[in-house]
Number of protein chains: 2
Amino acid sequence: MIKISLKLEPLTSQAFEPFGDVIETDNVKHFSINAGTIERYHDLAKVDVGTDSGGRAIISMACSNELTELPAQVPVVERHPLGSQAFIPMSDSPLFLVVAEPSETVDAKKFHAFVSNGRQGINYRPGVWHMPLIALKTGLKFLVIDRAGPGDNCDEHYFDDVEITMHR
Amino acid sequence: MIKISLKLEPLTSQAFEPFGDVIETDNVKHFSINAGTIERYHDLAKVDVGTDSGGRAIISMACSNELTELPAQVPVVERHPLGSQAFIPMSDSPLFLVVAEPSETVDAKKFHAFVSNGRQGINYRPGVWHMPLIALKTGLKFLVIDRAGPGDNCDEHYFDDVEITMHR
């Protein structure tokens, strides 16, 4: 059994760039709309739902039933080859992310771990390997923007001979 | 000057159906994902960004600079003929909505006013006439999912001889 221990790094748009977008308003350019009453932080994430494959963007919500404690094991990762997937927390709560760039076969040594500042959302590029959504509290809500449409859009990979753990 | 006074009605998915979707988890069907740790409230809003017209869905944020007090006048309404537009409050804060079904010319008598329960988001169908986003507090954040792409996707209508007011 190979053991890999991933330290959670602070989430920044620069560090996360190979995996997708960080959705945040801190230090982001913005402009006024509605006669100056509203600031718009425009086009923060590249929603890619594969319209060539008949995909369409959908808005869903996810709510946490069960908490995870840190350090936590990562027994499975998944990818959505046909579309991007965004998660935005609806309350101030950190996102825990274990990700690797798109690849045909999973290489456990290529994963990175990030923790958000609580206000950040993220958008995975199509095909990015990632740990399924977890939460450290129950009842947390996340807005989800991803793809619906024909085709198989979820591959899972279970780690057999590798134990990946993420920790603070 | 014709005066129209609109009482803010409670927002429900049934009442709002001609204008779009209500994005909420209360009394909505859901199913478990991620080995039962997460409940998913699936496909709550029809994102329609006119892929025929070269549109793509984008995720943005809006933040309120200025507050509005009730009763409030509605001097202008707008529509986005090429795409839907969703607003989801990032904190518990009501949305104030003045809407009319798609039509070539604006008829001030056809407008309805709604107020959300604070946890609800909404998604306007393409072409629905609506009051621009307002807020009763400054610093409120809203997630926006709408269309980017070629074409003119914002028509405004200013009321000259009609005074529309919304009130509780």
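Anything mentioned here points back to the structure above.
Residues numbered from 1 in each chain as written. Chains lettered and ligands numbered in written order. Predicted model: local features only at pLDDT ≥ 70, side-chain atom pairs only at ≥ 80, totals over all residues. Heavy atoms only, no water.

Peer 1: Summarise the relation of the copies chain A and chain B; cite the residues concerned and give the values.
Peer 2: Its rotation angle being 180°, the transformation that places chain A on chain B also includes 0.0 Å of axial translation and leaves an RMSD of 0.0 Å. Look at the turn and shift together and you get a two-fold axis relating the two. Identified as the residue of chain A closest to the rotation axis by C-alpha distance is Met90(A), at 2.7 Å. Take the interface residues of chain A: 100% of them recur as interface residues in chain B, which is what a same-surface contact looks like. (Least-squares fit on C-alpha atoms with pLDDT ≥ 70 in both. Contact = heavy atoms within 4.5 Å.)

Peer 1: Before we move on, could you go through the interface of chain A and chain B and cite the residues and values that matter?
Peer 2: Each side of the interface is counted separately: chain A has 39 residues, and chain B has 39 residues. The contact between chain A and chain B buries some 3500 Å² in all, and 56% of this surface belongs to carbon and sulfur atoms. Interface area lost by chain A to chain B is led by Arg40(A), Ile59(A) and Met61(A), which between them contribute 18%. Between Asp146(B) and Arg40(A) there is a salt bridge whose closest N-O contact spans 2.9 Å. For the pair chain A and chain B, the number of links is 26 residue pairs in polar contact (both at pLDDT 80 or more). (Buried area = accessible area lost by both parts, 1.4 Å probe. Salt bridge = Lys/Arg side-chain N within 4 Å of Asp/Glu carboxyl O. Polar contact = N/O pair within 3.5 Å; in protein donor to acceptor, adjacent residues only side chain to side chain.)

Peer 1: Hey, could you go over empty space enclosed by the protein for me, with residue numbers and the actual values?
Peer 2: Residues and elements named next belong to chain B. Counting across every chain of the model gives one cavity of 30 Å³ or more. Space inside the largest cavity adds up to approximately 30 Å³. Contributing to the lining of the largest cavity are Phe 87, Leu 95, Phe 96, Leu 97, Ile 122, Tyr 124, Met 131, Pro 132 and Leu 133. At the level of elements, β10 (96-100) and β12 (121-124) are the ones that each hand at least two residues to the lining of the largest cavity. When grouped by side-chain class, the residues that make up the lining of the largest cavity number nine nonpolar, no polar and no charged. (1 Å grid on protein atoms, 1.4 Å probe; cavity = no way out; pocket = protein on both sides within 12 Å on 5 of 7 lines; lining within 4 Å. Points joined across faces, edges and corners; volume = space filled by probe spheres on them. Helix = DSSP H or I, 4+ residues; strand = E, 2+ residues; numbered from the N terminus. Nonpolar A, V, L, I, M, F, W, Y, C, P; charged D, E, K, R; others polar.)

Peer 1: Tell me what's going on with the environment of Gly151(B), and back it up with residues and numbers.
Peer 2: Tracing the chain through its elements places Gly151(B) in the loop between β14 (141-148) and β15 (155-158). Remark: the alpha-carbon pair of Gly151(B) and Ala45(B), spanning 106 residues in sequence, is separated by 23 Å.

Peer 1: Outline the pattern of salt bridges, supporting the account with residue identities and numerical values.
Peer 2: Side chains carrying opposite charge are able to pair once their charged atoms draw close together. Considering all chains together, one arrives at 15 salt bridges over all chains under this definition. The shortest N-O distance in the salt bridge between Arg79(B) and Glu104(B) comes to 3.5 Å. Separated by 25 residues along the polypeptide, Arg79(B) in strand β8 (residues 76-79) and Glu104(B) in the loop between β10 and β11 (112-115) bring together distant segments of the chain. Three or more residues are tied together by salt bridges with common partners; here these are Arg79(A), Glu104(A) and Asp155(A).

These figures capture arrangement, not role.
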